[in-house]
Amino acid sequence: MRFTSFNSGWEFRPKVNRFLDRGGRAPAHRSVALPHDAMIESKRTPASGGATGFFPSGVFEYRKTFSVPEEYRDKKVALVFEGVYRDAVVYVNDAFAGHRANGYSEFLVDVSPFLRAGEDNVIRVECRAHQDSRWYSGAGFHRGVQLAVGEPVHIAWNGVRVTTPDVDEKRAVVELATVVNNDGRATTTVDVAAEVRDPAGAVAAADTTVLTVPPGESTTVRQRLYVPSPDRWSVDEPNLHTVTVTLPGLDEERFLFGIRTLQLDPDDGLRINGQPVKLRGACVHHDNGVLGAATVARAEERRVELLKQAGFNAIRSAHNPLSRAMLDACDRLGMLVVDEAFDVWTSPKSDFDYALDFPQWWEKDVEALVAKDFNHPSVVFYSIGNEIPESATPHGSVWGRRIAEKFRSLDDTRFLTNATNATLAIMDEAVAVARRRISESAETMGINTMMATMGEVLDELSTSDLVTRQTTEILSTLDVAGYNYLESRYELDRKLFPHRVIMGSETHPTRVDRLWRLVLDNSHVIGDFTWTGWDYLGEAGVGRTGYADEDSAPGQGIAGAYPWLTARTGDIDITGHRRAPSYYREIVYGLRAEPYIAVHRPENHGRRIVAGPWSWPDTVASWSWDGSEGDPVRVDVYSDAEEVELYLDGESAGRAPAGPEHRYQATFDVVYRPGELVAVARTKGRERGRYRLVSARGPLVLSVTADRSDLRADDTDLAYLDVVLTDGDGNLRCRADRPVTVEITGPGVLQGLGSARAVTEETFTAGTHTTYDGRALAVVRPTGSGPITVTVTAEECETASVTVRAVGTGA
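Everything numeric in this text was worked out from a predicted model, so none of it was measured.

Q: Sorry if this is basic, but what is going on with the sheet that holds strand β44 (residues 768–770) here?
A: Hydrogen bonding along the main chain pairs the strands of a sheet, whether they run parallel or antiparallel. One open sheet accounts for 5 strands, arranged β40-β47-β46-β42-β44; its pairing is mixed. Only two strands of the sheet have a single neighbouring strand rather than two, namely β40 (710–712) and β44. Across this sheet, the average inter-strand angle for adjacent strands is 30°, counted without regard to direction. Of the pairings in the sheet, the one linking strand β46 (residues 786–793) to strand β47 (residues 800–807) comprises 7 bridges and is antiparallel in character. Residue pairing across strands places P787 opposite R805, the latter belonging to β47.

This is the structure:
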């Protein structure tokens, strides 16, 4: 079938009931381009709860009027929805045409029976989000829509599957399985031509066969091709081949795929093309920061680019299937994927979540996930669930086995895992033990010690026989045991279960130095996935750092109070700027020789920090603290070298040990004065690297920089523009925050404007937003071809502007 974007020409409004609508009391429709997040525009309220970032529930309606040509009368016509959150109901000309409960699954609706050829037709889709997510879900058409049109005899949707079962240096066996549908009334015989092109575009293999398909049936044709001297796909060399399957005169399917082999065992771990790979993993939620949940392809690509630049080589979707656009980016850029199916099975975690639909829909959703992922070389693992409460019970293990075997029946070329958190089963006991210990020394125990005590108790109980018994069955259904916060079992389970392969499917960022050592020292532990690689909306404040003199310190509860917006737990913030833990992790991974300076805010010096396990100290890589001259400042320097010496204007401010024995961190107390702060890392007296911060001086400068000068003039692309407050030399002014206003001229619109500020009542949909630590991000979406000028203004600053060019097809 021929697939074309169906993202333009839609109208949107909050839905009201039929009586209000007929009474003229419904809001007016307005035009929107897809993908679109209906929730991000809503007014946040304290009553909506921190899980969703205090965004309210809602019911939403989309509609599109389009003309159906006469030539469609005898064709197969369908709509492919890549993701509608949630409980999407599709109507065509007011007739019910389809429904999907899951907000992240792709689904196809055959609209042929409902269309009126030669007339205008109306597609209407209703969806809703209501207390059904533990994080910010967004709502509506957060992923795109395609129109599929084909002849009665056509290749089925997701109907071509490619495998490479036998690969060596001499040649690769490429097996194609193509499903051909015949919706006509007569038996039809067709040619099926297959072609594989190498990464340079040259034909590497080709084959033609003949297939007969009876009316009303689907038939699979298999072709076996041999590609000589194949360029293999890997993280470091993501070589992609192109496969084209053609039914001459009827249909054609073309896509990219990778030739690679996978091996797994507890002695050599994960091997790709025979080479061992340790997973430097990031858990990521699906939202795109200032865009909300809208999944524009460039937003997904940019996230993968920045995550890889930060040292990650794998991502785990949390806790729902990744978009097709993100998988495409992972294929191109060389990022491994753990694609996760479910956050719940039969036991709800929110009042009205997917557990209410799971028994009816789970098989269809597994089928949709596998169909989406099958031809993507980046996908190495499927995860059947995340922290499923019932998985520690016999009946929960029955469900786990059902899901695992369903996956295997659809795709036996990849590995299965499940993100298991055994502490859920022992939480009551852990709380009781921790309370007992805390009460014994409560008078002398601070809040940090209390929180550490709870962590110690959980670690102790996690290695108990109770946990061993409760997890044995569910983990036996998997190829890789995913451990959420269970690193205390890594070495124990090597002895208890010598054939078990483990991945740290979710871990605390503050423990990465110890966690990574465990990964390197244990062949059966194949990687570590931090929570999280990228900050996200919702679960508001779970990673916040507070102080003992605050009512809202982390010890007062997991979630932050309104107006907390983000979790504040990512290595990279919601605008794409790398935070301090990202550089620390890069050093721990052995990917960075230079040290990194993280400066604590002077106003917090001497205050007692209260931090949870997902928290990171509140630091900024800046030495511009106007108004704090003469005040003491704590300076942390991250380094894998033995020693760090800190210099202020060329004078030594002290030396301190660093490296793995000191958790890769040297700490200094310095009296602030403007100047040049330099950290020099040394091992055995020899310099290994240095890092420099310079105080901003002179007039305040407002700058705006685009990530690219040219972009595609279509619904897949965006321009990302960093707005920064500096001095004339580009030194950051982190204390000069102020509102910035963005205006667009030319064929583009402001799709989002915001900062990484985790506590705010500002929206991302207005044309003005306040910077945070001197930074903001503007995102522009092209609406046509031509130059787009972005102008930024702020008080006491000269106007800044940049022009990008949207280029149409063939330009």
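Q: What is the right way to read the packing of aromatic side chains from this model?
A: In this structure the tally under the stated criterion is 32 aromatic pairs. Ring centres of Y596 and Y638 lie 6.0 Å apart, and the angle between their planes is 25°; on these two criteria the pair is classed as stacked. Placement of the pair is Y596 in strand β30 (residues 596–600) and Y638 in strand β33 (residues 632–638), with a sequence separation of 42 residues. Here Y596 and Y638 have matching classes, each one buried. By the ring-pair criterion, three or more aromatic residues cluster together here, those being F6, W10, F12, F60, Y62, F66, F81, F107 and F141. Here the guanidinium or amino end of R161 rests over the ring plane of F374, the centre of that ring lying 4.7 Å away. Of note, R414 hangs over the ring of F374, and the distance from its end group to the ring centre comes to 5.9 Å.

Q: I keep staring at the environment of R437 and nothing clicks. Help me out?
A: Positionally, R437 belongs in helix α6 (residues 423–440). Along the sequence, R437 and N375 sit 62 residues apart, while their C-alpha atoms lie 53 Å from each other.

Q: What am I meant to see in the state of the cysteines here?
A: One way to say it: the disulfide is the covalent bond shared by the sulfur atoms of two cysteines. Applying the stated rule across the entire model yields 0 disulfides. No disulfide involves C283; its sulfur sits 14 Å from the nearest other cysteine sulfur, which is in C330. Given the relative accessible area of 0%, C283 is considered buried. Under the relative-accessibility criterion, C330 is labelled buried at 0%.

Q: Looking at this structure, how should I read helix α10 (residues 512–521)?
A: Because each turn of an α-helix spans 3.6 residues, side chains separated by three or four positions end up pointing in the same direction. Of all the residues in α10, the buried ones are V512, D513, L515, W516, L518 and V519. Those residues of α10 that are buried are in contact with β21 (279–284), α9 (490–496), β27 (502–507), β28 (525–530) and α11 (580–588).

Q: What am I meant to see in the pattern of salt bridges here?
A: One side chain can pair with another of opposite charge once the charged atoms of both are near each other. Tallied over the full model, the rule gives 76 salt bridges. Ionic pairing is found between D714 and R712, a salt bridge with its closest N-O pair at 3.9 Å. By relative accessible area, which is 31% here, D714 ends up partly exposed. R712 sits in the partly exposed class, given a relative accessible area of 37%. Several salt bridges share partner residues, and in doing so they unite R298, E301, E305, R332, D707, R708, R712, D714 and D717 into one network.

Basis of the calculations
- Residues numbered from 1 in each chain as written.
- Predicted model: local features only at pLDDT ≥ 70, side-chain atom pairs only at ≥ 80, totals over all residues.
- Heavy atoms only, no water.
- Pairing = 2+ DSSP bridges.
- Helix = DSSP H or I, 4+ residues; strand = E, 2+ residues; numbered from the N terminus.
- Axes fitted to C-alpha atoms, helices over the stretch in contact; angles between N-to-C directions.
- Phe/Tyr/Trp six-rings, centres within 6.5 Å; stacked < 30°, edge-to-face > 60°.
- Buried < 20%, exposed > 50% of the residue type's maximum accessible area, 1.4 Å probe, protein only.
- Lys NZ or Arg CZ within 6 Å of the ring centre and 35° of its normal.
- Disulfide = S-S within 2.5 Å.
- Contact = heavy atoms within 4.5 Å.
- Salt bridge = Lys/Arg side-chain N within 4 Å of Asp/Glu carboxyl O.

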